[in-house]
Amino acid sequence: MQRKILPRDWRIRFGLLVSLFWFAFLGIYVQMNVGWSRFMALPIAEMGNFLEGAFAFLAFLWLVIGLFIQQSVLAENNEELRRSNLNIEKQTQAIAATELNARQETFFKIAESTRRQLGAVVGMLFISSQGPTGNGSYDNEQLREDWREFARGDSELFSRKLISMIANETGEPPEELFFGTEIRRNHTDNFIAGFERLLDLARECDTDNLIADSLVVSAHGLLAARMREMHPGYAFQAFDVTDSQEYLQRYMGEDKPKPPARA
């Protein structure tokens, strides 16, 4: 650090220049008032007193210069620390962003599989309620066509159908549709639990809840909200299911209620 400062710091050059002038002044002073031959013959005590007074000025001068240089070095060190902290903060943010991206990529891989699994659960619920074993609204050929559409990638087909039935008030009442039989209730409970686990994963990898919002307003999300609203184990009043923030606050909070234990 000193090798870098000494040639550039004007205070060092100023101190050296003043010191040279001071030495020249002392030489002239000794020559004119005492003489070098008599000065060299002075007793040690007197010479020591003279040198002490003569160099006191230089000692004070270099003390002040040293303090200013030290202050400059400390300021540079502080600035270097500040830059290092900024770099560390940027690296930390980059690592956090990379980790978040990795979690999101993992989530989307899991989400696609989970959405298909939820679609299959809703499909079984749809067959139980609307198929030949239910109210007979759909025959086997219609159900096979729907399952072919589901296999081609439309994982929310049956959720949309059930939501449309509830909205248009066609078929059975929602309570009977979801909980009319033990099989339907099991399918409904499995769907709610699976969708909530998917929402929990979304919240862990998305601090702004953008992914969770998109899930809530999807067909699966709207259906899950209606299922929870009508579940006999929940004491919630109806609300606008398109309000994703309300859903997240009321249904996905830390104190979210659980359905009663099944016997």
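Bear in mind that the values here come from a model prediction, so they are computed numbers and not experimental data.

The rules we used
- Residues numbered from 1 in each chain as written.
- Predicted model: local features only at pLDDT ≥ 70, side-chain atom pairs only at ≥ 80, totals over all residues.
- Heavy atoms only, no water.
- Phe/Tyr/Trp six-rings, centres within 6.5 Å; stacked < 30°, edge-to-face > 60°.
- Helix = DSSP H or I, 4+ residues; strand = E, 2+ residues; numbered from the N terminus.
- Buried < 20%, exposed > 50% of the residue type's maximum accessible area, 1.4 Å probe, protein only.
- Lys NZ or Arg CZ within 6 Å of the ring centre and 35° of its normal.
- Contact = heavy atoms within 4.5 Å.
- Expected span 1.5 Å × (residues − 1).
- Arc of directions from axis to C-beta.
- Polar contact = N/O pair within 3.5 Å; in protein donor to acceptor, adjacent residues only side chain to side chain.
- Axes fitted to C-alpha atoms, helices over the stretch in contact; angles between N-to-C directions.
- Parallel < 35°, antiparallel > 145°, perpendicular 65-115°, else oblique.
- Left-handed = near helix turned anticlockwise from the far one by under 90°.
- Nonpolar A, V, L, I, M, F, W, Y, C, P; charged D, E, K, R; others polar.
- Core = buried A, V, L, I, M, F, W, Y, C linked by side-chain atoms within 4.5 Å.
- pLDDT = per-residue confidence, 0-100.

### Description of the packing of aromatic side chains
Part 1: Using the criterion set out here, one finds 12 aromatic pairs in the structure.
Part 2: Where Trp147 meets Phe150, the ring centres are 5.3 Å apart and the plane angle is 80°; that geometry is what we call edge-to-face. With Trp147 and Phe150 both in helix H5 (residues 140-151), this residue pair falls 3 residues apart, about one helical turn.
Part 3: On the basis of relative accessibility, which here comes to 25%, the residue Trp147 falls in the partly exposed class.
Part 4: Linked through ring pairs, Trp22, Phe25, Tyr29, Phe50 and Phe57 together constitute an aromatic cluster.
Part 5: Cation over ring: Arg116 sits above Phe150, and NZ or CZ is 4.9 Å from the ring centre.

### Quick word on the side chain of Ser155
Part 1: Along the polypeptide, Ser155 turns up in the loop between H5 and helix H6 (157-168).
Part 2: When sequence neighbours within four positions are dropped, the list of residues in contact with Ser155 reads Arg115, Arg116, Gly119, Phe150 and His220.

### Focus on H5
Part 1: Helix length check: H5, at 12 residues, gives a terminal C-alpha distance of 16 Å against a target of 16 Å (1.5 Å per residue), a fit within 8%.
Part 2: Buried residues of H5: Leu143, Asp146 and Phe150, and no others. The arc enclosing the buried residues of H5, seen along the axis, measures out at 60°, which places them on a common side.
Part 3: At its buried positions, H5 is contacted by helix H4 (44-130) and H6.
Part 4: The N-capping residue of H5, defined by a side-chain oxygen 3.2 Å from the backbone nitrogen of Glu141, is Asp139.
Part 5: Within two residues after H5, Gly153 carries a phi angle of roughly 120°, on the positive side.

### Concerning the packing of H6 against helix H10 (residues 219-230)
Part 1: The N-to-C vectors of H6 and H10 enclose an angle of 50°; their axes lie 8 Å apart at closest approach. Classified by the interaxial angle, the pair formed by H6 and H10 is oblique. Both H6 and H10 take part in a crossing whose hand is left-handed. The residues of H10 that touch H6, namely those facing Ser159, Arg160, Leu162 and Ile163, are Ala219, His220, Leu222 and Leu223.
Part 2: Taken together, the residues that form the contact of H6 with H10 break down as 5 nonpolar, 2 polar and 1 charged.

### Topic: the nonpolar core
Nonpolar side chains tend toward joint burial in soluble globular proteins.
Part 1: Core analysis: the biggest nonpolar cluster contains 31 residues, and Phe107, Leu162, Phe178, Phe191, Leu215, Leu223 and Met227 have the highest contact counts within it.
Part 2: Going through the elements one at a time, H4, H5, H6, helix H7 (174-179), helix H8 (182-204), helix H9 (210-216) and H10 are the ones with two or more residues in this core.
Part 3: The element that contributes the greatest number of residues to this core is H4, accounting for 7 residues.
Part 4: Ignoring anything within four residues of it in the chain, the contact list for Phe178 reads Leu125, Ile166, Arg184, Arg185, Thr188, Leu223, Arg226, Met227 and Met230.
Part 5: Judged by nonpolar contacts, the second largest core, of 7 residues, contains Ile12, Leu58, Ile65 and Val73.

### Side note on the packing of helix H2 (residues 10-33) against H4
Part 1: Taken N-terminus to C-terminus, the directions of H2 and H4 make an angle of 175°; their axes are 10 Å apart at the nearest point. On the basis of the axis angle, H2 is roughly antiparallel to H4. When H2 is examined against H4, the residues Arg11, Ile12, Phe14, Gly15, Leu16, Val18, Ser19, Trp22, Phe23, Leu26, Tyr29 and Val30 are found in contact with a partner set consisting of Phe50, Ala54, Phe55, Phe57, Leu58, Leu61, Trp62, Ile65, Phe68, Ile69 and Ser72.
Part 2: Classifying every residue of the contact of H2 with H4 by side-chain character gives 19 nonpolar, 3 polar and 1 charged.

### Notes on the confidence of the model for the protein
Part 1: Counting all residues, the mean pLDDT for the protein is 81, and 85% of those residues have values of 70 or more.
Part 2: Highest mean pLDDT in the protein belongs to H5 (91); lowest belongs to helix H1 (residues 2-5) (47).
Part 3: Scored below 50 in pLDDT, residues 1-6 makes 7 contacts in the model with residues more than four places away or belonging to other chains.

### What about H2?
Part 1: For H2, which comprises 24 residues, the first-to-last C-alpha distance of 34 Å matches the rise-based estimate of 34 Å (1.5 Å per residue) to within 8%.
Part 2: Those residues of H2 that sit buried are Arg11, Ile12, Gly15, Val18, Ser19, Leu26, Gly27 and Val30.
Part 3: Elements that come into contact with the buried residues of H2 comprise helix H3 (36-40) and H4.
Part 4: In the stretch just after H2, Gly35 is the one whose phi turns positive, near 90°.

### Side note on the environment of Gly131
Part 1: For Gly131, the location among the structural elements is in the loop between H4 and H5.
Part 2: On the basis of relative accessibility, which here comes to 0%, the residue Gly131 falls in the buried class.
Part 3: C-alpha separation for the pair Gly131 and Leu143, spaced 12 residues apart in sequence, amounts to 7.4 Å.
Part 4: Dropping the residues within four chain positions of it, Gly131 is found in contact with Phe126, Gly136, Tyr138 and Leu143.

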